[in-house]
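Now for the letters of each chain:
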Amino acid sequence: MKLYVVRHAAAGSRSAWTGDDRLRPLSKKGRRQAAELAELLADAGLERLVSSSYVRCIQTLEPLAERTGSEVEIDDRLAEGSDGAAALQLAEELRDAGVRAAALCSHGDVVPELLSLLKVTGTAFHQPLVWPKGSVWALNSNGTHWTDAELLTRA
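The rules behind these values
Residues numbered from 1 in each chain as written. Predicted model: local features only at pLDDT ≥ 70, side-chain atom pairs only at ≥ 80, totals over all residues. Heavy atoms only, no water. Helix = DSSP H or I, 4+ residues; strand = E, 2+ residues; numbered from the N terminus. Expected span 1.5 Å × (residues − 1). Buried < 20%, exposed > 50% of the residue type's maximum accessible area, 1.4 Å probe, protein only. Contact = heavy atoms within 4.5 Å. Axes fitted to C-alpha atoms, helices over the stretch in contact; angles between N-to-C directions. Parallel < 35°, antiparallel > 145°, perpendicular 65-115°, else oblique. Left-handed = near helix turned anticlockwise from the far one by under 90°. Nonpolar A, V, L, I, M, F, W, Y, C, P; charged D, E, K, R; others polar. Pairing = 2+ DSSP bridges.

S.K.: Let's hear about helix α2 (residues 55-68): which residues, and what values?
M.R.: In this model, α2 (14 residues) spans 20 Å end to end at C-alpha, consistent with the 20 Å of a helix rising 1.5 Å per residue. Those residues of α2 that sit buried are R56, C57, T60, L61, L64 and A65. Looking at the buried side of α2, the elements it contacts are β1 (2-7), α1 (28-41), β2 (48-51), β3 (72-74) and β4 (101-106). Just past α2, the residue G69 takes up positive phi, approximately 70°.

Structure, rendered in C-alpha cells:
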C-alpha cells in the first residue's frame, strides 16, 4: 500500500479568526497549495481520500477529489486534538482492507505523532521529520509493516 500523509494547507490566521476554529478555511496560499497537491497526486491511483472534519483539511483534499472523481471521507481520528495512534489505526485499517493507495489529511499535532510512531516502530525515513503546512509524506507498506517514508514536498 502507498499512503500519503498530508498536513493541511495554509489557513487564515488562527488569532484573527473569530468563528469556530473547525470552520477556518484555507488562505489564498492554502488554496494554491491544495491545487499543487492535486497536481502532485492526481495520477497516484488513490482509492480513498480521508480527512479531518475541519474545513481546512477538507478544502486541502477537495481539488484532488475533483481531479480523481473521488469523495472526501471524514474521520475524526484525523481531527486536531486526536493522536498519532488513532491516525495509525485508521491507516492500518485501510491497508488491511486491501486499499492500494490512500491520502489522509490531518493537522500539525496529529501528523508529527503519526510519523514519530512509525519511526520508532522501524519505518525508514529518507528525510528529517518535518511537517510544514501543505507537506506530503509518502509511506510504503509491505502488507504488514510500514517499510519506508519519503517527504514529497515541503510546501
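S.K.: Tell me about the packing of α1 against α2, residues and numbers included.
M.R.: Helix packing for two helices is described by the angle between their axes and how far apart those axes are. Contact geometry of α1 with α2 gives a least axis separation of 8 Å together with a crossing angle of 40°. Here α2 runs oblique to α1, going by the angle between their axes. Between α1 and α2 lies a crossing whose hand is right-handed. Here A34, A35, L37, A38, E39 and L41 of α1 come into contact with α2, specifically with Q59, T60, L61, P63, L64 and R67. Here the residues of the contact of α1 with α2 sort into 8 nonpolar, 2 polar and 2 charged.

S.K.: Any chance you could break down the sheet that holds strand β7 (residues 146-153) for me, citing the residues and the numbers?
M.R.: Read across the sheet, 7 strands follow the order β3-β2-β4-β1-β6-β7-β5 without closing on themselves; strand pairing throughout is mixed. Every other strand in the sheet has two partners, leaving β3 and β5 (124-125) as the edge strands with one partner each. Sheet analysis places β2 next to β3, joined by 3 bridges and oriented parallel. Directly across from L49, in β3, lies its bridge partner V72.

S.K.: Mind laying out the pairing of β1, listing which residues take part and the relevant values?
M.R.: The element β1 is largely enclosed, with a buried count of 5 among its 6 residues. Across 6 bridges, β1 lies against β4 in parallel orientation. Residue L3 lies in a different strand from β4, and its bridge partner there is A102. Both β1 and strand β6 (residues 136-141) contribute to a ladder of 5 bridges, which runs antiparallel. Its bridge partner being in β6, V6 is matched across the sheet by V136.

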